[in-house]
Amino acid sequence: MPLPFLTADRDLDGDAGDPAPLPHAERDHWRRPYRPGPWRVGAAAVLLLLASFVLLSAMIIGLAGAPIGAGVCLAVAVVIILVSVRLLRVGIWVSAAGLRQVRLVRTTTLPWSAVTSVRTVQQPVRWLGLPRTVQGQALLIGGPGDVEPRTLVTDHNGDFLTRPGAFNRAADMVAAWAAEQHG
């Protein structure tokens, strides 16, 4: 009895023909040049767990006969779910149109023509976005009229804490996108 799910049924030599393009081959679609980190995913999972408890309490309150309290709990659960989804979208996104920095409350998009430099520097950075600073690396971009370069990501944020290799790959990927769009 063959078990195809346990074996690799593919051509390892690469001469199987012209494969379909990968989804990220579309240069016009926004994509993140790195995977979300475990701290960010863990925080979103905890928020979703909290939302499930709030939804359960909304159901219990609604069955007990207090529709206003159930509605308030339902609204709180929806806000928690929206925050957790937004938390997963936080980060740097790139496309042929430019560079997008998504934060929890605000999103900033820069066209590639407004990005003059992309570099990684050693500097004090915030640990997980908290006020405490530690020595680390930051990915900075500069614009044509910028006095001070803007920090995109650091190696101590929710995506790259304890993953220095992932930070280096992401910084190289953003620099490669910038070089490709200017070149």
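Whatever comes next refers back to the structure up there.
Summary of the structure given here. All values reported here derive from a predicted model rather than from experimental measurement.

Conventions adopted
- Residues numbered from 1 in each chain as written.
- Predicted model: local features only at pLDDT ≥ 70, side-chain atom pairs only at ≥ 80, totals over all residues.
- Heavy atoms only, no water.
- Helix = DSSP H or I, 4+ residues; strand = E, 2+ residues; numbered from the N terminus.
- Buried < 20%, exposed > 50% of the residue type's maximum accessible area, 1.4 Å probe, protein only.
- Contact = heavy atoms within 4.5 Å.
- Polar contact = N/O pair within 3.5 Å; in protein donor to acceptor, adjacent residues only side chain to side chain.
- Pairing = 2+ DSSP bridges.
- Axes fitted to C-alpha atoms, helices over the stretch in contact; angles between N-to-C directions.

## Examining the environment of Asp155
By the element assignment, Asp155 lies in the loop between strand S6 (150-154) and helix H3 (164-182). A relative accessible area of 16% places Asp155 in the buried class. For the pair Asp155 and Ala138, spaced 17 residues apart in the sequence, the C-alpha separation amounts to 6.5 Å. With near-sequence residues (within four places) excluded, Asp155 lies in contact with Val125, Gly136, Gln137, Phe160, Leu161 and Phe167. Among the polar contacts made by the side chain of Asp155, one reaches the main-chain amide nitrogen of Gln137 at a distance of 3.0 Å. Of note is the side chain of Asp155, whose polar atom sits 2.8 Å from the side chain of His156.

## Side note on the sheet that holds strand S4 (residues 117-126)
The sheet built from three strands is open, its strands ordered S4-S5-S6 with antiparallel pairing. This sheet does not close on itself; its edge strands, each paired only once, are S4 and S6. Averaged over all neighbouring strand pairs, the angle between strand axes comes to 40°, with direction disregarded. With four bridges joining them, strand S5 (residues 133-142) and S6 adopt antiparallel strand pairing. The partner of Ile141 across the bridge, within S6, is Arg150. Here H3 sits on the sheet in contact with S4, S5 and S6, set at roughly 15° to S5.

These results come straight from atomic positions and should not be treated as a statement about function.
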